[in-house]
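Structural description and commentary
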Amino acid sequence: MQEITGEINSSYTPYGEFKNHIGEVVTVKGTIHNIRDMSDFAFIILRTARELIQCVYSPEFSDFRLSEDIVEQACAKVSAKVVQSQTRDGSERYELQIHNIELLSKPADIPPVVISKKQVVCDLNVLLDNRPVTLRNPKERAIFKIQEGIQRGFRDYLISKNFTEIHSPKINFAGAEGGTNVFKLDYFGKTVYLAQSPQLYKQALVPVYERVFEIAPVFRAEHHDTSRHLNEYISMDFEMGFIDGFEDIMNMETGALKYIMNLLKTEYAPEVELLKVDIPEITSIPTIKFKDAKALCVKKLKNITDMKDFEPEEEAFLGKWAKQQYNSDFLFVTHYLSKKRPFYTMDDPEDPEVTLSFDLLFRGIEITSGGQRIHDYNQQVEKMKKSGMNPEEFETYLMLHKYGAPPHGGLGLGLERLTMHLLGFKNVRYATMFPRDINRVTP
Ligand code: AMO
C-alpha cells in the first residue's frame, strides 16, 4: 500500500538555489521552452513555474545525446551539473551542463502561436483565442503573477486590519447596483440575477463581523464593447463598520494600495523587472470634490455635455492634472451627485444633492467606487422609494437596517482595471486571463 502523507515532492528548484549546488549534478523538472541549436552545442531553456533556466548541451559533458524527440513544449526531467559562470555584464550566473534528459511527455503538435520568443507577437483576438498556450510565454504569465500579488496584498493587508474574508452568493434575488446591466437567469422557473456586486451581503455582514472583504467574480451585462468593460470581472470589495466618515474608507484603501505596491516591489520583483512595471510611489492621495473637478474639466476641455458624470476624456485629464499638481498617480474624487449613485449611498447631510461617496482614479481611469452607506432604516426605505424601488422586495436586505447597524461604508475595486493601468495596457482584456465580453465566452 502506498501511504499518502501530505508531503509534496516539489518539482520546482528556484534559480537562486543552484548556487548551493556548484559542482553537483542536480535534477530539474520543467518544460522545454526553447532550443537553440548551435551545431556543436545547444542551449535548452527549461521553463519552470516562475523562471527560465538555461541549460547547455554539449557531447563533451556526458554520453547523453540529443534526439529528435527533444522538442519545444516537451516536459522533461533534466539532470545537469551546476557550473558557475558570468554574464556579459560580469554578474554571476549558473550554467547547467546537461548530463541527461528524461522525457516525461511529448506535445502532439507545435503551438499555434510562437511563445518561445521574448514577446508573443499577434493580434489581441489571436492572443485570447489561444490563451491556454499564449499564457505560457513568460511575459504573458507574469501579468497574472502580478495580479496574484495585487489580490494577495489586498487580502493580507485587510486581514492584518482585522477584516474577515467572506463569500457571498452569486445567484441573487435582485441586482445590487440598480440599472439594466444584470444577467437574468432561469432558476427552476423563477427569474434570478447574477450578482453585480456583493454589496447587499457585505453590508449585511457589518453588524456581524464589523469588517469584511471579498475577492470574487461579479457580472455586468454591459452591452457595449469598450476597452475597459468586461462582463465578468474580479471585484475586490470591503465594508467596515463604526466609521467616523467616508474618509476612513479612503484611508483604508490608501493603506492597502501602499502595501500592495510594496509587496509587488519585493516579492514580485522578477515579474516587475520582466514587465518593466512602473510601480507608483504612494505617500498620500489627493482628493477633490466632484463639482470642483467638473469645473476644472469645463475650463480645460471642450464639448462637455454631461454635467452629472465624467466622460473617459475628463478622467484622463484629471489623471494628468493630479500628476502635475500633486505628483500623484492617484486621485480621489468625492461627493458625487446623489442622482448618480446607487440607493444605498448616504447623502451629505450638509448638501443632499451630493453623496458621501468617492471614486478613485488611477492614471486617469476609475478603478474604485465607494462611500458611506445609509444605516438608518427609515432613511433607507425612503431613498429606495425615491429611486422607484419597492422596499418589500428587499426585506432581507433591510433587516440590516431594521435590527440595528453601525455607521458603515466600503468600496469595490476592479482587479483587472487596476492591473491594466499598472501595466500600462490600453485594453482591459490584456489584464484578464480568460475575458468574458459581449463577443467572447471562450476559451
Ligand atoms: P462600481 O459599479 O462602480 O461600484 O464598481 C466598482 C469598480 O469595479 C470596476 N468595474 C468594472 N471592471 C471591469 N468591467 C466592468 N464592466 C466594470 N464595472 C465596474 C471598476 C469600478 O470602479 N458596490 C459598488 C462598490 C462599493 O460602493 O462598495 C460597486 O460595485 O474598477
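Everything here concerns the structure above.
Note that the structure is a prediction, hence the values are computed from the model and not measured.

Points about the overall build of the chain
- Summing up its helical and strand segments, the chain has 12 helices and 18 strands in all.
- Projected onto its principal axes, the C-alpha positions of the chain cover 85 × 60 × 40 Å.
- Put simply, 64% of the contacts in the chain that link residues at least 6 apart link residues at least 24 apart.
- Treating the 54 positive side-chain charges of the chain as one cloud and the 63 negative ones as another, the clouds have centres 3 Å apart.

Points about a nonpolar patch on the surface
- A cluster of nonpolar residues, Ile-171, Leu-185, Tyr-187 and Phe-188, forms a patch on the protein surface that exposes about 420 Å² of accessible area.
- Note on placement: Leu-185 falls in strand β8 (residues 184–187).
- Owing to a relative accessible area of 30%, Leu-185 belongs among the partly exposed residues under this scheme.

Notes on the packing of aromatic side chains
- A complete count under the given rule lists 19 aromatic pairs for this structure.
- Judged by centre distance (6.3 Å) and plane angle (80 degrees), the rings of Phe-154 and Phe-213 are edge-to-face. With Phe-154 in helix α3 (residues 138–160) and Phe-213 in strand β10 (residues 211–219), this pair connects stretches of sequence that are 59 residues apart. Just as Phe-154 is buried, Phe-213 falls in that class too.
- An aromatic cluster is present here, built from Phe-173, Phe-343, Tyr-344, Phe-394 and Tyr-397 joined pairwise through their rings.
- For Arg-50, the ring lying beneath its charged end belongs to Tyr-268, and the centroid distance is 5.3 Å.
- When the ring centre of Tyr-336 is taken as reference, the NZ or CZ atom of Arg-341 above it lies at 4.5 Å.

Some words on the packing of α3 against helix α6 (residues 247–267)
- For the pair α3 and α6, the least separation of the axes is 8 Å and the interaxial angle reads 130 degrees. Relative to α6, the element α3 lies oblique. The handedness of the crossing between α3 and α6 is right-handed. Packed against α3, whose contacting residues are Ile-146, Gly-149, Ile-150, Arg-152, Gly-153, Phe-154, Asp-156, Tyr-157 and Leu-158, the element α6 presents Met-252, Gly-255, Ala-256, Tyr-259, Ile-260, Leu-263, Leu-264 and Glu-267 at the interface.
- Considering only residue class, the contact of α3 with α6 consists of 11 nonpolar, 3 polar and 3 charged.

Concerning the site of the ligand
- As a structural note, the neighbourhood of the ligand is formed by 22 residues, with Glu-177, Lys-202, Glu-366, Ser-369 and Arg-373 the closest of them.
- Within the side chain of Lys-202, a nitrogen or oxygen atom sits 2.7 Å from an oxygen atom of the ligand.
- Side-chain polar atom of Arg-220 to an oxygen atom of the ligand: 2.8 Å apart, as the coordinates give it.
- Here the ligand has 630 Å² of accessible area as a free molecule, and 92% of this is covered by the chains.
- Where the shell around the ligand is concerned, the elements lending two or more residues are α4 (199–204), β17 (365–372) and β18 (408–414).

Re the packing of α3 against helix α12 (residues 415–422)
- Close contact between α3 and α12 brings their axes to 10 Å; oriented N to C, the two are set at 125 degrees. In terms of orientation, α3 lies oblique with respect to α12. In the crossing of α3 with α12, the sense of the turn from one axis to the other is right-handed. Contact with α3, carried on its side by Ile-143, Ile-146, Gln-147, Ile-150 and Gln-151, involves Leu-415, Glu-416, Leu-418, Thr-419 and Leu-422 of α12 and no other residues of that element.
- Broken down by class, the residue content of the contact of α3 with α12 amounts to 6 nonpolar, 3 polar and 1 charged.

Observations regarding unusual backbone geometry
- Residue Pro-443 is reached from Thr-442 by a cis peptide bond, and omega for that bond is -10 degrees.
- Even without glycine at this site, Ser-39 takes up a positive phi of about 65 degrees.
- Residue position: Ser-39 is located in the loop between β1 (25–37) and β2 (42–47).
- A residue is classified by how much of its surface remains accessible, and Ser-39, at 73% relative accessible area, is exposed.

A short note on the environment of Val-26
- As for its position among the elements, Val-26 is in strand β1.
- In this structure Val-26 comes out as buried when scored by relative accessible area, which is 11%.
- Here the alpha-carbon distance between Val-26 and Gly-412, two residues 386 residues apart in the chain, equals 47 Å.
- Here Val-26 is in contact with Phe-18, His-21, Val-78, Ser-79, Ala-80, Val-82 and Leu-96, once residues within four sequence places are set aside.

Observations regarding the nonpolar core
- Grouped together as the largest cluster of nonpolar side chains are 47 residues, with contacts concentrated most on Ile-150, Phe-154, Phe-238, Met-261, Leu-264, Phe-330 and Leu-422.
- Considering every element that reaches this core, the biggest residue donor is α6, with 9 residues.
- Excluding anything up to four places from it in sequence, Leu-422 contacts Ile-146, Ile-150, Met-261, Leu-264, Val-277, Asp-278, Pro-280, Phe-362 and Arg-363.
- Grouped together as the second largest cluster of nonpolar side chains are 21 residues, Phe-18, Ile-70, Val-78 and Tyr-94 included.

Looking at the pairing of strand β9 (residues 190–194)
- Across 2 bridges, strand β7 (residues 171–172) lies against β9 in antiparallel orientation. Across the sheet, residue Ile-171 finds its bridge partner in β9, namely Leu-194.
- Remark: 2 residues form the turn of the hairpin made by β8 and β9, two consecutive strands paired antiparallel; Phe-188 in that turn has positive phi of roughly 50 degrees.

Structural notes on the sheet that holds β8
- On the basis of which strands lie adjacent, the open sheet formed by 3 strands has the order β7-β9-β8 and antiparallel pairing. Of all the strands in the sheet, the pair left with one neighbour each is β7 and β8.
- Note: β8 against β9, 4 bridges, orientation antiparallel. In the sheet register, Lys-184 faces β9, and the bridge partner there is Tyr-193.

Rules and cut-offs
Residues numbered from 1 in each chain as written. Predicted model: local features only at pLDDT ≥ 70, side-chain atom pairs only at ≥ 80, totals over all residues. Heavy atoms only, no water. Helix = DSSP H or I, 4+ residues; strand = E, 2+ residues; numbered from the N terminus. Contact = heavy atoms within 4.5 Å. Lys, Arg positive; Asp, Glu negative; His and termini not counted. Charge placed at Lys NZ, Arg CZ, Asp CG, Glu CD. Patch = residues over 30% accessible without salt bridge, like charges linked within 9 Å, V, L, I, M, F, W, Y side chains within 5 Å. Areas by Shrake-Rupley, 256 points an atom, 1.4 Å probe, with all protein chains shown as cover. Salt bridge = Lys/Arg side-chain N within 4 Å of Asp/Glu carboxyl O. Buried < 20%, exposed > 50% of the residue type's maximum accessible area, 1.4 Å probe, protein only. Phe/Tyr/Trp six-rings, centres within 6.5 Å; stacked < 30°, edge-to-face > 60°. Lys NZ or Arg CZ within 6 Å of the ring centre and 35° of its normal. Axes fitted to C-alpha atoms, helices over the stretch in contact; angles between N-to-C directions. Parallel < 35°, antiparallel > 145°, perpendicular 65-115°, else oblique. Left-handed = near helix turned anticlockwise from the far one by under 90°. Nonpolar A, V, L, I, M, F, W, Y, C, P; charged D, E, K, R; others polar. Near = heavy atom within 4 Å. Polar contact = N/O pair within 3.5 Å; in protein donor to acceptor, adjacent residues only side chain to side chain. Core = buried A, V, L, I, M, F, W, Y, C linked by side-chain atoms within 4.5 Å. Pairing = 2+ DSSP bridges.

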